[in-house]
Amino acid sequence: MAEVNNRQPGLDNRPRVWTIAGSDSSGGTGIQADLATLSDLECHACCVITAQSSVTVAAVEAVSATMLIVQLDTLAADLKPAAIKIGLLADQAQINLLATWLASALAQWKSAGVVVPVILDPGMVATCGDTLTKGSTLDFSPFKALLTLITPNVSELAILAGRQLLTATDSVQAAIGLSHALATSVLAKGGDRGPVWQHDKAVDLLVCHQVDGISSLHQNQSFWLSSTRVDSGNNHGTGCILSSAIAAVMAQSFVLNDAVVVAKAYVSQGLLHRYQSGNGVGCLAHCGWPNDLASYPIIEQLAASLNAPPTNDKQVYTFKKIAEPLGVYPVVAEIDLLQQLLRAGASTIQLRVKDGNDPLLEQKIVQAIGLGRDYSAKVFINDHWQLAIKHQAYGVHLGQEDLVESNLQLLSEVNVALGLSSHSYFEILLAKQHNPSYIAFGHIFPTTTKQMPSAPQGLNKLARYVELMQGVLPIVAIGGIDASNLAAVKASGVDDVAVVRAVTDADAPATAYQTLVAEWVLGASYGAD
């Protein structure tokens with residue numbers, strides 16, 4: 001996949017994000033709110049002003065076509081973006097003009113190997129209910145196949161659908177229809193006016209659409225995202241802040257799903273710390289990258305039936321708790337190697353047999369479980385949960401893709417330990433909702449041991465995940481970890497590390513394992529190469 005960030009050696013490391021939107025003289029929304037959000041989320045903010053609006057939306061004055069193009073061309077010549085947020089467009093002429101310019105620019109950047117995500121907040125109806133444009137029937141079809149995400153609120157979704165949305169089913173169908181019509185993902189926002197979906201929660205609907213060159217997990221799936229509703233009249237600029245936060249997070253190479261949940265958490269914490277700046281509607285606070293798990297939404301995949309809003313009454317499972325550190329956690333495919341590492345002192349180990357048709361599969365699992373008992377070690381069985389239950393394994397490790405097929409209720413009833421893989425903020429939240437014994441974050445570095453659904457996470461993302469989840473339950477880093485990067489991984493604050501090739505490809509696996517354990521325990525200085 002092409003690189004998203006557009007940075008040059010020797011320049012500031014912050015990604016550049018453009019906001020193309022209207023200037024709001026109150027400072028609480030529009031360009032002003034976007035710039036504050038982008039800067040707060042560690043981006044360099046650039047702006048293209050489309051219009052000037054008053055405090056009460058009493059007037060909206062569009063800039064000239066010449067002024068709009070000059071601003072775009074000037075930025076493109078020197079400050080190419082890592083992401084673009086589009087807000088208020090005052091009229092159809094601006095939509096047509098910007099779409100034409102954007103189509104050319106995106107194609108040019110893509111030919112140079114840079115894919116730029118574009119987030120459109122249609123900006124047709126303000127939170128207060130005022131119309132922001134010179135007409136409520138703007139046609140956004142010129143943006144078809146140019147957008148990564150569009151973020152209409154309930155009122156705007158109804159306008160775009162051309163009908164009233166009286167039920168959750170109506171809203172889902174409208175969002176899916178909009179996704180197909182514009183060839184983009186859709187985040188339909190119910191936070192401002194949620195009675196169609198749910199009174200006591202701020203509920204958004206995410207419809208994921210595969211966009212060429214843009215990394216997004218769970219493509220072509222849809223989800224309800226539910227957060228605690230913060231009842232406050234001081235909610236000026238929530239839509240602008242949400243969409244610019246999504247652009248800021250995507251500019252830092254997070255997938256779309258991640259950007260949406262981080263941005264939703266950012267808005268939630270901003271509402272909690274809101275402030276009153278004048279006699280009108282108050283503003284959201286800008287509180288930095290959200291690290292409070294309580295600010296993040298509950299995720300519920302859209303049911304096959306479109307008739308139900310999110311239930312928020314998920315089955316709560318309990319799995320064996322792991323009190324002691326997992327430490328350096330080897331993952332192996334063969335019984336002989338598993339036994340060598342147990343003899344070398346491994347207290348936690350995973351048997352990962354990739355071939356489900358291996359005629360010796362059950363025999364290997366039985367042997368691994370038996371060796372775990374012999375050495376008083378925690379042996380996890382990867383994927384094959386039925387056999388793990390049958391032979392009373394200590395634990396099971398599953399990937400996100402295995403959760404649908406596995407019987408979590410049965411696993412919970414037999415009190416096994418459960419480890420779950422994750423590759424993003426979004427999957428960490430999904431994993432946490434199942435209350436596993438630990439969550440594995442990966443893959444941190446490039447790995448050849450299996451086909452991965454995403455790019456390497458890297459140390460910066462690992463540090464973000466640790467900040468969110470540390471102390472909640474054990475967290476394990478995995479993927480390409482070896483002696484050359486072990487100290488840097490440890491510096492992230494992660495609880496434990498899983499290793500594969502660092503042990504399995506070693507000339508003396510037991511010795512390699514013991515060396516890694518010694519380095520992990522001693523906490524070698526950060527920065528070892």
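Above this text sits the structure in question.
To keep things clear, this report deals only with the structure shown in the data block. Per-chain numbering applies: the sequence of each chain, read as written, is numbered from 1 onward. Totals for whole chains, interfaces and linings use every residue, but because this is a predicted model, local features are given only for residues with pLDDT of at least 70 and side-chain atom pairs only at 80 or more, for both listing and counting. Side-chain metrics rest on all non-hydrogen atoms present in the structure, leaving aside hydrogens and water.

For the purposes of this entry, the term helix denotes a DSSP run of H or I that reaches at least four residues, the term strand denotes a run of E that reaches at least two, and both are numbered from the N terminus. Across its full length, the protein chain carries 16 helices and 18 strands. Using a 1.4 Å probe on the protein chains alone, a residue whose accessible area is under 20% of its type maximum counts as buried, one over 50% counts as exposed, and one in between counts as partly exposed. Burial status across the protein chain gives 56% buried among its 529 residues. Working rule for contacts: check all heavy atoms of both residues, and any pair within 4.5 Å makes them a contact. Of the contacts made within the protein chain by residues no fewer than 6 positions apart, 67% connect residues no fewer than 24 positions apart. Here the open area of atoms and residues is found with the Shrake-Rupley method and a 1.4 Å probe, where only the protein chains shown may cover a residue. Accessible surface for the protein chain amounts to roughly 21,200 Å². Of this, 51% is attributable to carbon and sulfur atoms.

Looking now at the pattern of salt bridges. Salt bridge, as used here: a side-chain nitrogen of Lys or Arg that lies within 4 Å of a carboxyl oxygen of Asp or Glu. Evaluation of the coordinates by the stated rule reveals eight salt bridges. Salt-bridge contacts for Glu-42 lead to Arg-464; the nearest nitrogen and oxygen are separated by 2.8 Å. Highlighted residues: Glu-42 in the loop between helix H1 (30-40) and strand E2 (44-53) and Arg-464 in helix H13 (residues 458-469), separated in sequence by 422 residues. Here Glu-42 falls in the partly exposed class, since its relative accessible area comes to 39%. Taking the relative accessible area as the measure of exposure, Arg-464 reaches 13% and is therefore buried. Its salt-bridge partner being Glu-362, residue Lys-390 comes within 2.8 Å of it at the nearest N-O pair. Taken together, the residues Lys-390 in helix H10 (residues 385-390) and Glu-362 in helix H9 (residues 361-374) connect sequence positions 28 residues apart. The class for Lys-390 is exposed, based on a relative accessible area of 55%. On the accessibility criterion, Glu-362 (30% relative accessible area) is partly exposed. Taken together, the salt bridges that share partners define one network made up of Glu-334, Asp-358 and Lys-364.

Further remarks concern the side chain of Asp-170. Position of Asp-170 relative to the elements: it lies in helix H5 (residues 168-182). Just so you know, the count uses Lys and Arg for positive and Asp and Glu for negative, and it drops His and the chain ends. This buried residue, Asp-170, is left without a salt bridge; Arg-163 holds the nearest opposite charge, at 5.4 Å. Pairs of N or O atoms are called polar contacts if they sit within 3.5 Å, as long as, within protein, a hydrogen donor faces a hydrogen acceptor (for residues adjacent in sequence, only side-chain-to-side-chain pairs). At 2.9 Å, the side chain of Asp-170 forms a polar contact with the backbone nitrogen of Leu-166. Beyond its immediate sequence surroundings of up to four residues, Asp-170 is in contact with Arg-163, Gln-164 and Leu-165.

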